[in-house]
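# Analysis of the macromolecular model
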Amino acid sequence: MNAGLCFFALMLKLNVLTYCPLNAQIFRCYVLVLWIAMLVSMMAGYCVSGTLRYRSDLPYNRLEYLLLLTSVGPLAFDVFTIIAASSFSSISGSSQDRAVSFQVGGFSSFQQVILEVSNFAEVYFQAGFCIFVRRIPISGLDDDLRTKALRCVVLFLAVSNGALWLVGSFGAYEASQGIQVEYFGKNEWKIISNIVLPLSLFFRFVSCLLLAKVHLRMLGRHDDDA
């Protein structure tokens, strides 16, 4: 938990100076590493829980429906950004110089695409992981190394999503949309961002809430809900 608070404090500090190219680049590299770490942790979670029973008959609850609905936001944001960033890679000459001025924090269009693909993969697999881990019957688990590893994965994902939600609430991502504004147009992108960004923030909040409930259930402090 202390590591999660330190992570939030660092990202908030970088957010305050996000308009500075160097700090913006550090911020985006930090987020990229976090998304990759979350992907690796989910892979580890699937590995350690591969032999556990899975309650496929458990119905979806309201939070899971919200999770699937809000996941459209970050996925759509990534797709739009990939389209915008990819368009600049084919620009040459003086137009290329103009395009470079819209690169965020010194990121090239290729690096921007890598960043968004990583986020797309993290969001896609996390939505499935949240639904999967809630359907593992905790009552039948032994307090062995495998269960502790799964509990650590769930806690890490919950803290990470909570930190991303808090940092995003302070507008950390609003300063990194120059490429999208240039490609789609200021008014058009404003309409798009006013839809997908709130959904992205809500996705992080719902993910944090779902994973926190699973972690508490593993500790025996929360009843299993349908």
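Keep in mind the model is a prediction, meaning the values are calculated, not measured.

What follows deals with the overall build of the protein chain. Counting secondary structure elements, the protein chain contains nine helices and zero strands. Listing every helix and strand of the protein chain by position from the N terminus yields α-α-α-α-α-α-α-α-α. Within the protein chain, buried positions represent 46% of all 226 residues. Taking all contacts inside the protein chain whose residues are at least 6 apart in sequence as the whole, residues at least 24 apart take part in 86%. Summed over all atoms, the accessible surface of the protein chain reaches about 11,600 Å², with 66% contributed by carbon and sulfur.

Next up on the list: a nonpolar patch on the surface. Judged by side-chain polarity, Val79, Ile83, Phe120, Tyr124, Phe125 and Tyr183 come together as a nonpolar surface patch covering roughly 560 Å² of accessible area. Those elements giving two or more residues to the nonpolar patch turn out to be α4 (72-88) and α6 (109-134). A total of three residues in the nonpolar patch trace back to one element, the largest contributor, which is α6. The exposure class of Tyr183 is partly exposed, given its relative accessible area of 39%.

Turning to the nonpolar core, a few remarks are in order. Grouped together as the largest cluster of nonpolar side chains are 35 residues, with contacts concentrated most on Leu67, Phe129, Val133, Leu150 and Val154. Breaking this core down by element, the ones donating at least two residues are α2 (21-48), α3 (62-70), α6, α7 (145-169) and α9 (186-218). Those residues in contact with Leu150 that sit more than four places away from it in its chain are Gly45, Val48, Ser49, Leu52, Phe129, Val133, Ile136 and Met218. The next biggest cluster of nonpolar side chains, apart from the first, holds six residues, and it includes Ala76, Trp189, Ile192 and Val196.

Before going further, it helps to examine the pattern of salt bridges. Under the definition given, this model contains three salt bridges. A salt bridge links Glu64 to Arg134; the nearest nitrogen and oxygen atoms lie 2.8 Å apart. Of the two residues, Glu64 is situated in helix α3 and Arg134 in helix α6; the sequence distance between them amounts to 70 residues. Across the pair, Arg134 and Glu64 agree in class, each one buried. One salt-bridge network, held together by shared partners, links Glu64, Arg134 and Arg135.

For the coordinates displayed, the defined rule picks out 11 aromatic pairs. For the pair Phe184 and Trp189, a centre-to-centre distance of 5.6 Å together with 20° between the ring planes defines the contact as stacked. The exposure class of Trp189 is buried, given its relative accessible area of 2%. Three or more aromatic residues link up through ring pairs in this structure, and these residues are Phe77, Phe80, Tyr183, Phe184 and Trp189. The ring of Tyr60 has Arg135 sitting right over it, with the charged end atom 4.7 Å from the ring centre.

This part takes up the environment of Leu211. Locating Leu211 in the fold gives a position in helix α9. When the C-alpha atoms of Leu211 and Val154 are compared, they prove to be 5.9 Å apart, with 57 residues separating the residues in sequence.

Let's shift gears to the confidence of the model for the protein chain. Here the protein chain shows a mean pLDDT of 78. Residues at 70 or above account for 73%. α3 holds the highest mean pLDDT among the elements of the protein chain, 93, whereas helix α5 (residues 94-100) holds the lowest, 45. Every residue in residues 92-105 is under pLDDT 50, and counting partners more than four places away or in other chains gives 17 contacts.

The next subject is α9. A rise of 1.5 Å per residue sets the reference length of α9, with its 33 residues, at 48 Å; its end C-alpha atoms lie 47 Å apart and thus fit the reference within 8%. Ser193 marks where α9 bends most, by close to 30°.

Cut-offs and rules
- Residues numbered from 1 in each chain as written.
- Predicted model: local features only at pLDDT ≥ 70, side-chain atom pairs only at ≥ 80, totals over all residues.
- Heavy atoms only, no water.
- Helix = DSSP H or I, 4+ residues; strand = E, 2+ residues; numbered from the N terminus.
- Buried < 20%, exposed > 50% of the residue type's maximum accessible area, 1.4 Å probe, protein only.
- Contact = heavy atoms within 4.5 Å.
- Areas by Shrake-Rupley, 256 points an atom, 1.4 Å probe, with all protein chains shown as cover.
- Patch = residues over 30% accessible without salt bridge, like charges linked within 9 Å, V, L, I, M, F, W, Y side chains within 5 Å.
- Salt bridge = Lys/Arg side-chain N within 4 Å of Asp/Glu carboxyl O.
- Core = buried A, V, L, I, M, F, W, Y, C linked by side-chain atoms within 4.5 Å.
- Phe/Tyr/Trp six-rings, centres within 6.5 Å; stacked < 30°, edge-to-face > 60°.
- Lys NZ or Arg CZ within 6 Å of the ring centre and 35° of its normal.
- pLDDT = per-residue confidence, 0-100.
- Expected span 1.5 Å × (residues − 1).
- Bend = angle between axes of the 7 residues up to and from the residue.

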